[in-house]
Amino acid sequence: MDMWMMPPLLLLLFPLLMWTSSTFVFYFKNFFYVAWMMFLALLGIPICLLKSGGRDVENMRVIRAMVRHVKYLLGLRIEVSGWEHLQTEGPYVIISNHQSSLDVLGMMEILPDRCTTIAKKELVYAGTVGLICWLSGIVFINRKKTSDAKSVMADAAKTMLDEQLILWVFPEGTRNQNGDLLPFKKGAFHLAVQAQVPIVPVVFSSYNNFYLRKEKQFKSGTIRLKILPKIETKGMTSEDVSSLSDQSHNLMRTAFLEISGSITQSNGPLKH
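Given the structure is predicted, the values throughout are model-derived calculations rather than measurements.

The rules behind each value
Residues numbered from 1 in each chain as written. Predicted model: local features only at pLDDT ≥ 70, side-chain atom pairs only at ≥ 80, totals over all residues. Heavy atoms only, no water. pLDDT = per-residue confidence, 0-100. Contact = heavy atoms within 4.5 Å. UniProt positions renumbered as here; feature names shortened; annotations may be inferred. Helix = DSSP H or I, 4+ residues; strand = E, 2+ residues; numbered from the N terminus. Buried < 20%, exposed > 50% of the residue type's maximum accessible area, 1.4 Å probe, protein only. Polar contact = N/O pair within 3.5 Å; in protein donor to acceptor, adjacent residues only side chain to side chain. Axes fitted to C-alpha atoms, helices over the stretch in contact; angles between N-to-C directions. Parallel < 35°, antiparallel > 145°, perpendicular 65-115°, else oblique. Left-handed = near helix turned anticlockwise from the far one by under 90°. Nonpolar A, V, L, I, M, F, W, Y, C, P; charged D, E, K, R; others polar. Pairing = 2+ DSSP bridges.

We now examine the confidence of the model for the chain. Should the pLDDT be low somewhere, the predicted coordinates at that spot are not to be read in detail. Predicted confidence across the chain gives a mean pLDDT of 88, with 89% of residues reaching 70 or more. Here residues 268-272 is a poorly scored stretch, pLDDT under 50, and it has twelve contacts once near neighbours within four places are set aside; other chains count.

Moving on: the UniProt feature "transmembrane region" (unreviewed entry) in the chain. Per the UniProt entry, the sites bearing "transmembrane region" (unreviewed entry) are residues 33-50 and 123-141 in this numbering. Secondary structure across residues 33-50 comprises 100% helix and 0% strand; the distance between its end C-alpha atoms is 26 Å.

Our focus in this paragraph is the environment of Q196. The residue Q196 is located in the loop between α8 (187-195) and β6 (199-204) in this model. Residue classification places Q196 among the partly exposed residues on the basis of a relative accessible area of 29%. Expressed as a C-alpha distance, the spacing of Q196 and M236, which sit 40 residues apart in the sequence, is 7.5 Å. Apart from residues lying up to four places away in sequence, Q196 is in contact with T233, K234, G235 and M236. Within the local environment of Q196, its side chain forms a polar contact with the backbone oxygen of V193, the two atoms lying 2.7 Å apart.

Another aspect to go through is the packing of helix α3 (residues 60-67) against helix α5 (residues 103-110). Where α3 meets α5, the closest approach of the two axes is 9 Å, and the angle between their N-to-C directions is 110°. Taken together, α3 and α5 sit at an angle that is classed as roughly perpendicular. By crossing handedness, the relation of α3 to α5 is classed as left-handed. For the pair formed by α3 and α5, the contact residues are M60, I63, R64 and V67 on the first element and V104, L105 and M108 on the second. Across the contact of α3 with α5, the residue classes tally to six nonpolar, no polar and one charged.

Once that is clear, we can look at α8. Taken together, the buried positions of α8 are occupied by A188, F189, L191, A192, V193 and A195. Looking one or two residues beyond α8, the residue adopting positive phi is Q196, at roughly 55°.

The subject of this paragraph is the sheet that holds strand β2 (residues 92-96). Spatially, the seven strands line up as an open sheet ordered β1-β9-β6-β2-β5-β3-β4, and their pairing is mixed. The sheet is open, and its two edges are formed by β1 (76-81) and β4 (139-141), each paired on a single side. Strand-to-strand twist of the sheet, defined as the mean angle between neighbouring strand axes without regard to direction, takes the value 20°. Here β1 pairs with strand β9 (residues 221-227) via six bridges, running parallel.

Shown next as structure tokens:
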């Protein structure tokens, strides 16, 4: 086959594969998502440097503005309830469940000003995405070294109070798409109790109605976010951390099953 025939052939094959192969759609959407986010980060880095001169939580505004359109490119809709529970001024801690890198899209939909997140240290090495995350004041922790993680969280509590920041934490500690919530790690709750700041739980509905990693499916769909009433920590001590964690987990799990179930009723059975 002559080389000049390859581009037209690929142009013909692409829509055919998008129409007939869910596996092709899965890999293409994931590749596009990663590549597009890295491209947006490349564009955002000089904007952050010009805007703030270096590492600054205010650069999260740049990320928020640049990322909000991405959901449409992937065929996703985001519905938010409970806006009245999201305080406009910090400091406080937001906790949410963690299913995949698509969580970023929901985060950017509701991200308050002066809010940054705590992420695994490996993210800083993710090319342009890692650099813009560092410029935006994201707190990186080494999950493999408990002593390092505790030290970082203690410093984060002090910074949160000194700079009136909001910190977004994923207390499950890892991605989870098993149709339920994993047990929570205690770091976010130690952070909130140490700083004596409220916790605002945010719940993402299950992605299983449109995104199934094992089955290689990535369809159009809806992500529902529910912002729950804040949980006060004033007067609590480290002895209250376990009960605080359990209370938050129970509230979030109830909300998760509720909003995931409502999607199931409109889109068919939810796979676990």
